[in-house]
Amino acid sequence: GDPIGVDMPASIVLEVTDPASTVPREQRVVTLIETQQHGNEPAGTGAAVPLINDLAGGSELLATLDNQVLLLLPMSNPDGATANTRANKAGADINRDHVGLETPEAQAIKLIQRKWDVHVAVDHHEYSGTGVGSPVPVRVYDWDLTTMTPNHGNVRAPTAKAAADLNAAIWESAAAAGYSVGEYGWTTANGVKVEQSAGGPDPGILRN
């Protein structure tokens, strides 16, 4: 664990890599998995903690770390998690603050990105929703996995393309494993997008 260095409760990021690797550190791919920016969305932390235990127990994932660095920030909003609120202790939505950087939590995430020169960032959220409809099937967030790539106009084209390619690979792997997949924020009818109710292009959202 590495202290992040800002005034934030539980401000620890876990770094996992192969210290014996012959690949120079500056040539390794750095992936950040960050969870629970919204304190009332605990599923990401619930997945990250077992992942930490798996890695500590000798997970087969360790074999992939010869040329990679994995960073885990398993709870970005500990005050919100304690209170079971979307916002942090000051009432701010951290995931709208990645431009202004007024919250210590958003500042911490930015420091991690800069310190480790992160190449890939995964920001985990959760949602509730149902699929209904007869005879027209309407789905509202009820896939096993939903993902969304950056969709703000200021995102550089190579970054947007790389994110889209990664997203496609994730969907393919999840579907092959038997999971249903969809795009976050969209209601669909017969598989056609009809309304986006979340996950917009606000530049203060971390993925943007």
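For the structure given in this document, a descriptive report is provided here. (Residues numbered from 1 in each chain as written. Predicted model: local features only at pLDDT ≥ 70, side-chain atom pairs only at ≥ 80, totals over all residues. Heavy atoms only, no water.)

Digging into unusual backbone geometry
A cis geometry characterises the amide bond from Ser134 onward to Pro135, with omega recorded as 10 degrees. If you trace the backbone, Pro135 turns up in the loop between strand S6 (131-132) and strand S7 (138-140). Unusually for a residue other than glycine, Gln36 sits at a positive phi of about 55 degrees. Position of Gln36 relative to the elements: it lies in the loop between strand S3 (29-35) and helix H1 (43-56). For Gln36, a relative accessible area of 3% translates into the label buried. (Helix = DSSP H or I, 4+ residues; strand = E, 2+ residues; numbered from the N terminus. Buried < 20%, exposed > 50% of the residue type's maximum accessible area, 1.4 Å probe, protein only.)

A word on the side chain of Thr187
Looking at the element boundaries, Thr187 is found in strand S10 (residues 186-189). A relative accessible area of 9% places Thr187 in the buried class. Other than its neighbours up to four places away in sequence, Thr187 contacts Val138, Arg139, Val140, Val192, Lys193, Val194 and Glu195. (Contact = heavy atoms within 4.5 Å.)

Some words on the sheet that holds strand S11 (residues 192-196)
Within the open sheet, the four strands sit side by side as S6-S7-S10-S11. Their pairing is antiparallel. The sheet terminates laterally at S6 and S11, the two strands that pair on one side only. Examined bridge by bridge, S6 and S7 share two bridges and lie antiparallel to one another. Residue pairing in the sheet places Val132 in a bridge with Val138 of S7. (Pairing = 2+ DSSP bridges.)

Observations regarding the environment of Ala198
Inspection of the secondary structure assignment puts Ala198 in the segment after S11. As a C-alpha pair, Ala198 and Thr188 span ten residues in sequence and 13 Å in three-dimensional space.

Things to note about the packing of aromatic side chains
This model, assessed by the stated rule, comprises three aromatic pairs. Ring geometry for Tyr127 and Tyr141: centres 5.2 Å apart, planes at 75 degrees, overall edge-to-face. On the criterion of sequence distance, the pair formed by Tyr127 in the loop between strand S5 (120-124) and S6 and Tyr141 in the loop between S7 and strand S8 (145-147) is long-range, its members being 14 residues apart. Residue Tyr127 is classed as partly exposed on the basis of its relative accessible area, which comes to 26%. A network of ring pairs unites the aromatic residues Tyr127, Tyr141 and Tyr184 as a single cluster. (Phe/Tyr/Trp six-rings, centres within 6.5 Å; stacked < 30°, edge-to-face > 60°.)

Describing the nonpolar core
Of all hydrophobic cores here, the largest spans eleven residues; its members are Val13, Val30, Leu32, Val69, Leu71, Leu73, Ile109, Ile112, Trp116, Val118 and Leu206. Listed by contribution, the elements that provide at least two residues to this core are S3, strand S4 (68-73) and helix H3 (104-116). (Core = buried A, V, L, I, M, F, W, Y, C linked by side-chain atoms within 4.5 Å.)

Observations concerning the pattern of salt bridges
The final tally for this structure, using the stated rule, is seven salt bridges. The residue Glu15 makes a salt bridge to Arg25 at a minimum N-O spacing of 2.4 Å. One end of the pair, Glu15, is in strand S2 (residues 12-16); the other, Arg25, is in the loop between S2 and S3, with ten residues separating them in the sequence. Lys193 is the partner of Glu183 in a salt bridge, and the nearest nitrogen-oxygen pair spans 2.5 Å. Of the two residues, Glu183 sits in strand S9 (residues 181-183) while Lys193 sits in strand S11, which places them ten residues apart along the sequence. With relative accessibility at 25%, the residue Glu183 sits in the partly exposed group. Among the ionic contacts, a cluster of salt bridges with common partners joins Glu41, Arg86 and Asp93. (Salt bridge = Lys/Arg side-chain N within 4 Å of Asp/Glu carboxyl O.)

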